[in-house]
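Residue-level listing of the chains:
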Amino acid sequence: HSFPTRRSSDLLQAFVSRTRTFRAPNLDELTRASAGLRPQTGLTHEWGVRHRPSDALAWSATFFDIRNRDEITFGYDALSNQELNRNLAQPTHRRGVELGLSWRAVPAVQLQAQVTHLRARLGDRGFDVPLVARNTASLAVQWQIGDGWRGTLAGRFVGPRGDGSVSTDGSPLWPSLRAHDVWDVALHRQVGHLSWALGVRNLFDEVYSTTGYASTRYPMPRRRVHAELSWGF
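Small disclaimer: the values here were computed from a predicted structure and weren't measured. (Residues numbered from 1 in each chain as written. Predicted model: local features only at pLDDT ≥ 70, side-chain atom pairs only at ≥ 80, totals over all residues. Heavy atoms only, no water.)

Things to note about the side chain of Asp65
Position of Asp65 relative to the elements: it lies in strand β4 (residues 57–69). Given a relative accessible area of 7%, Asp65 falls into the buried group. Reaching out from Asp65, the side chain makes a polar contact with the side chain of Arg95 at a distance of 3.3 Å. Those residues in contact with Asp65 that sit more than four places away from it in its chain are Leu43, Thr44, His45, Trp47, His93, Arg94 and Arg95. (Helix = DSSP H or I, 4+ residues; strand = E, 2+ residues; numbered from the N terminus. Buried < 20%, exposed > 50% of the residue type's maximum accessible area, 1.4 Å probe, protein only. Polar contact = N/O pair within 3.5 Å; in protein donor to acceptor, adjacent residues only side chain to side chain. Contact = heavy atoms within 4.5 Å.)

Structural data, given as structure tokens:
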């Protein structure tokens, strides 16, 4: 539910939400699964405000609380003495805040930013949920160059996160994955029904991983050039 209040020059909106979630194991997880792997369930609460003081500026603040049971993770399974996809024995609890900003600095340039801080805890033991970073941020700048041309620069930062392999009680067994930031740039062109784009992903050739188990890291793609062509009807 949301509760807007309109004044002469802006819009202030408060909102709350309550959502139940359900996730069944995917095919990859079932391929290497512990006996009796179950779907995970969850409950999410959100509270926040959105404010647009002018046509050029908008911001938001959202507080969230997420509680999951039987969360699916990859780690040591004591029954089989193997690394398998399994359900965590303890419930998980994620709580945090997300701040968002959208600003049109000049008519042709728009900036969007988002910062998130969360604590993801396992039961009452104080351990962090594996592969969940406490701090993330993103920044995107879009420039309408004119005559159908548009340029974009987008970056994302992810703080350190725990290794995916944990003991049965959730305690860490291996060093954390390091923090990283990745930047993409692209040039877009629209001519009638035809649009094309040329860009570079991972512009600064960052070496990083988003997943790792037992100190084995799975690297993400390095710098690469991409081109897109589409026709709209």
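So, next bit.
Thoughts on the packing of aromatic side chains
Across all of its chains, the model carries three aromatic pairs by this definition. Here the aromatic rings of Trp149 and Trp196 are separated by 5.6 Å at their centres, their planes lie at 90 degrees, and the arrangement is edge-to-face. You can see Trp149 sitting in strand β11 (residues 149–158) and its partner Trp196 sitting in strand β13 (residues 194–201), a full 47 residues away along the chain. Between the aromatic rings of Tyr213 and Tyr218, the centroid separation amounts to 6.4 Å while the plane-to-plane angle is 65 degrees, which identifies the pairing as edge-to-face. Owing to a relative accessible area of 45%, Tyr218 belongs among the partly exposed residues under this scheme. Members of the aromatic cluster, joined through ring pairs, are Phe74, Tyr213 and Tyr218. Looking at Arg50, its charged tip hangs above the ring of Phe15, at a distance of 4.1 Å from the centre. (Phe/Tyr/Trp six-rings, centres within 6.5 Å; stacked < 30°, edge-to-face > 60°. Lys NZ or Arg CZ within 6 Å of the ring centre and 35° of its normal.)

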